[in-house]
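Chain by chain, the residues:
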Amino acid sequence: MRVHVFSTVSSRRRSFGPAQVSNLFTSFFYPGQIDYQLSDTDHSILAAPNVEQLYYAMQSFINDNDYLGFEDAAAPLFIDFVPSPRLSLEFPTLFELRKTVANQWHRPFHTVTSRDLIDYEIMRSRCDEADLGEFHRWLARVDVVMPFPTYGLADNFRMAHLKPGWEVFTFIARQCGVFKHISETFFGVEFWSFSSAFILRSDLLQPFADGFFEAALMFHRLRPEIDCYDLSFIFQRLLSVYLDYLLYKNDLLKVANIPVLHCLPSEPPSVLPVDFNADTYLRLNRDVFNAGMPGASHYLSAGWREDRIWSLT
Amino acid sequence: MTLKIFSCHHVVTSHELSTAIYQSLVSGREVPADSQTWTDIAGENISTREKFSELRHQFYVWKNLLNDYDYVGFEHYRRLFCLDPRPINTALPISPEMATSRARFALAGSAMDLETDSAKLFQDVIRTRRHFTDADHEKISAYIKDHDILFAKPIMQPARDNFVGSHSHSLELWDEIMPAFKQSWHKIFPTSFVEPPAAWSGYLNMYIMRTEFFYEYMSWIMPVLLELDDHYPAAAARVWGHVAERLLGAYIVQKTMERPSFRFKALPHFTFGRAACA
């Protein structure tokens, strides 16, 4: 069993403090630090963290791993295999979190503090071979790991203010790779959110990645105004379409739904981050710009809760 | 791996199933000599205790058949799990209605209860099950083996609140009986991570479990329920079945806490109107 989970360290994650040392199955991924060796296209469109992460993994890791996983280090998958007695002793807060998750396993995310998140990273980094073995035995019984999909207000907002509209992306995507075989019904349903956090069997990931990158380059060619932040959102939507399609094609697809840890301050922020710039915020969140909303008030009212980025650094 | 999913009936049915995986099981009835349906009166049973609903069938399997299977499952005569091993390209031409249901299940994002009055769909599901090949059975077995417990779409609401919803006059009963379950719980689980009931409930007593877990679960709830039935002769119809539904959540939370790699999953199922499966 070979598995690798990429955990992207975004500016948001950095704002909680230094990321803990990676371990046997997880490595931290720092966006913008990879040489893509793309020769025939402008790769700037691929520079969205989730897309960049996938591209890097597909180039270098797909052949050597049975499973590949992706997550945002600021909202990681709750992969939890330390035996309860040890967990309760070493990480009592995480032990309580395990209880909460066991009782509310249907929730796509659980809100935690940045301290909990760092504890969780430390726990992962201290996983030993036995813990890893437990994780591998569990994963071997699964095809897809992802949070429960849920209706997301932010996603609906993004969809409503996407330019060009979703039907344009659907039209283009349906000419590419695996998406050619997917009925329009799967593109037209209400959209679900699951934060781009997932682990997928490599042989199932490959067709998605091939189809997605073919579509991404076609989006770029046909609609040059599309930028990497649009593409980041489209990535999530197309992944959702693909996973629904897999489940339709194979009723016995083994999906394990585990939550992500969503790190939020206990109260809404009353002031903007020190490096907040409204123009940058609107450039990085084009749906907010398209909706005609002021960047600062959007961030303070909704953006902070939706993990919107405000800075490139 | 040996597996049997029992389809629980209260009358002998013409839609009987007797395949490598599915088996019709009726409670408290003789079955005709040429019937393929099994009856619980063939062994130790509680078939006369009607307040136990489908727990009568479960009791029979618990007491008489457990040595035969690695996994046992239970569904209702008109509520059927959707476990279709066929690729969609095979399933679609045979039953477009089943294929449409699969799309609905896939797009639902989590387990769902698909209510339908379609007699055609009911017949399609039964016929399909009868015609599963050995390879189909192997696929279903392999899928189930990769889980410890599969169950029908649960109720994500505290068990007590939900019980009151279906037995509005029985809140006192609920409060009176819970200590007995807690006492039994601590005997079964000396290291307990949760106090029953949990923050969520099972539903319909429909599940497929690894046999060792089914044995343990039944050993926790069934002796208590039988005692309660003796103690509360005036309790409402089907009440013990409803109580049991609301205890499953605690059991699964406990097993998850014991071993984080414990695999459980809610499965989609069909609920057919009575007329559809008449």
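Residues numbered from 1 in each chain as written. Chains lettered and ligands numbered in written order. Predicted model: local features only at pLDDT ≥ 70, side-chain atom pairs only at ≥ 80, totals over all residues. Heavy atoms only, no water.

So, on to helix H1 (residues 55–64) of chain B. With eight of its ten residues buried, H1 of chain B lies for the most part within the structure. Turning to H1 of chain B, its buried residues number three or more, namely Leu-55, Arg-56, His-57, Gln-58, Phe-59, Tyr-60, Val-61 and Trp-62 of chain B. (Buried < 20%, exposed > 50% of the residue type's maximum accessible area, 1.4 Å probe, protein only. Helix = DSSP H or I, 4+ residues; strand = E, 2+ residues; numbered from the N terminus.)

Moving on: the packing of aromatic side chains. Residues and elements named next belong to chain B. A complete count under the given rule lists 52 aromatic pairs over all chains for this structure. Centroid distance Phe-59 to Trp-62: 5.7 Å. Interplanar angle 75°. Geometry classified as edge-to-face. Here Phe-59 pairs with Trp-62, and both are found in helix H1, just three residues apart, close to one helical turn. When the ring centre of Trp-62 is taken as origin, the NZ or CZ atom of Lys-63, which lies over that ring, is 4.3 Å away. (Phe/Tyr/Trp six-rings, centres within 6.5 Å; stacked < 30°, edge-to-face > 60°. Lys NZ or Arg CZ within 6 Å of the ring centre and 35° of its normal.)

Below, the discussion takes up the interface of chain A and chain B. Interface size is commonly expressed as the accessible area that is lost once the parts come together. Contacts between the two partners involve 33 residues from chain A, matched on the other side by 41 residues from chain B. Carbon and sulfur atoms make up 63% of the area that chain A and chain B hide from each other, which totals about 3100 Å². Where chain A touches chain B, the interface holds two salt bridges. Run the count over chain A and chain B and you get 14 residue pairs in polar contact (both at pLDDT 80 or more). It is helix H4 (residues 92–103) of chain A that contributes the most residues to the side of chain A that touches chain B, five residues altogether. Residue classes in the side of chain A that touches chain B are distributed as 18 nonpolar, six polar and nine charged. (Contact = heavy atoms within 4.5 Å. Buried area = accessible area lost by both parts, 1.4 Å probe. Salt bridge = Lys/Arg side-chain N within 4 Å of Asp/Glu carboxyl O. Polar contact = N/O pair within 3.5 Å; in protein donor to acceptor, adjacent residues only side chain to side chain. Nonpolar A, V, L, I, M, F, W, Y, C, P; charged D, E, K, R; others polar.)

Contact geometry of helix H11 (residues 228–249) of chain A with helix H3 (residues 96–108) of chain B gives a least axis separation of 8 Å together with a crossing angle of 140°. What the angle tells us is that H11 of chain A and H3 of chain B run oblique. When you trace H11 of chain A past H3 of chain B, the crossing you get is right-handed. Contacts between H11 of chain A and H3 of chain B involve Asp-244, Leu-247, Tyr-248 and Lys-249 of chain A on the former and, on the latter, Ala-99, Arg-102, Ala-103, Ala-106 and Leu-107 of chain B. Residue composition of the contact of H11 of chain A with H3 of chain B, by class: six nonpolar, no polar and three charged. (Axes fitted to C-alpha atoms, helices over the stretch in contact; angles between N-to-C directions. Parallel < 35°, antiparallel > 145°, perpendicular 65-115°, else oblique. Left-handed = near helix turned anticlockwise from the far one by under 90°.)

A few words on the nonpolar core. In this structure, Phe-181 and Trp-240 of chain B are the most contacted members of the largest nonpolar core, which totals 98 residues. Among the elements that take part in this core, helix H8 (residues 211–231) of chain B stands out by supplying eleven residues, more than any other. When residues of this core are sorted by domain, at least three fall in each of domain 1 (3–152 + 268–277) and domain 2 (159–201 + 211–262) of chain B. Beyond its immediate sequence surroundings of up to four residues, Trp-240 of chain B is in contact with Lys-51, Phe-52, Leu-55, Leu-173, Ile-177, Leu-225, Leu-228, Asp-229, Tyr-232 and Ala-235 of chain B. Ranked by size, the runner-up nonpolar core spans 65 residues in total, among them Phe-179, Leu-200 and Leu-239 of chain A together with Ile-88 of chain B. (Core = buried A, V, L, I, M, F, W, Y, C linked by side-chain atoms within 4.5 Å. Domains from an automatic or database assignment.)

This part takes up the pattern of salt bridges. Residue and element names in this part refer to chain A. Counting across every chain of the model gives 35 salt bridges over all chains. With a closest N to O distance of 2.6 Å, Asp-143 and Arg-201 form a salt bridge. On the criterion of sequence distance, the pair formed by Asp-143 in the loop between helix H6 (129–139) and strand S5 (144–146) and Arg-201 in strand S6 (residues 198–201) is long-range, its members being 58 residues apart. For Arg-201, a relative accessible area of 24% corresponds to the partly exposed category. The network of salt bridges with common partners includes Arg-86, Glu-90, Asp-128 and Asp-131.

For the rest of this paragraph, the subject is helix H7 (residues 171–188) of chain B. All names here are of chain B. For H7, with 18 residues, the first-to-last C-alpha span of 26 Å sits near the 26 Å given by 1.5 Å per residue. Along H7, the helix axis deviates most sharply at Ile-177, where the bend reaches about 30°; the proline Pro-179 sits within four residues downstream. Listed in full, the buried residues belonging to H7 are Leu-173, Trp-174, Ile-177, Met-178, Phe-181, Ser-184 and Trp-185. Packing partners of the buried residues in H7 comprise helix H6 (159–166), H8, helix H9 (239–245) and helix H10 (248–258). (Expected span 1.5 Å × (residues − 1). Bend = angle between axes of the 7 residues up to and from the residue.)

Turning our attention to the domain arrangement of chain B. Residues and elements named next belong to chain B. Annotation of chain B at the domain level lists domain 1 (3–152 + 268–277) and domain 2 (159–201 + 211–262). Every contact between the two is made by 19 residues of domain 1 and, on the other side, 30 residues of domain 2. Summing the contributions of domain 1 and of domain 2, the shared interface buries around 2000 Å²; its carbon and sulfur component is 70%. Contact with domain 2 buries area across many residues of domain 1, yet Lys-51, Trp-62 and Asp-148 alone supply 36% of it, more than any other trio. Of the charged contacts in the structure, one is a salt bridge between Arg-49 and Asp-229, with a shortest N-O distance of 3.2 Å.

Moving on: the pairing of strand S6 (residues 113–116) of chain B. Residue and element names in this part refer to chain B. Of the two faces of S6, the one lined by Leu-114 and Thr-116 is fully buried and the one lined by Asp-113 and Glu-115 carries no buried residue. Relative to strand S10 (residues 269–272), S6 is paired through four bridges, and the arrangement is parallel. Each residue of the ladder has a partner; that of Glu-115, found in S10, is Thr-271. (Pairing = 2+ DSSP bridges.)

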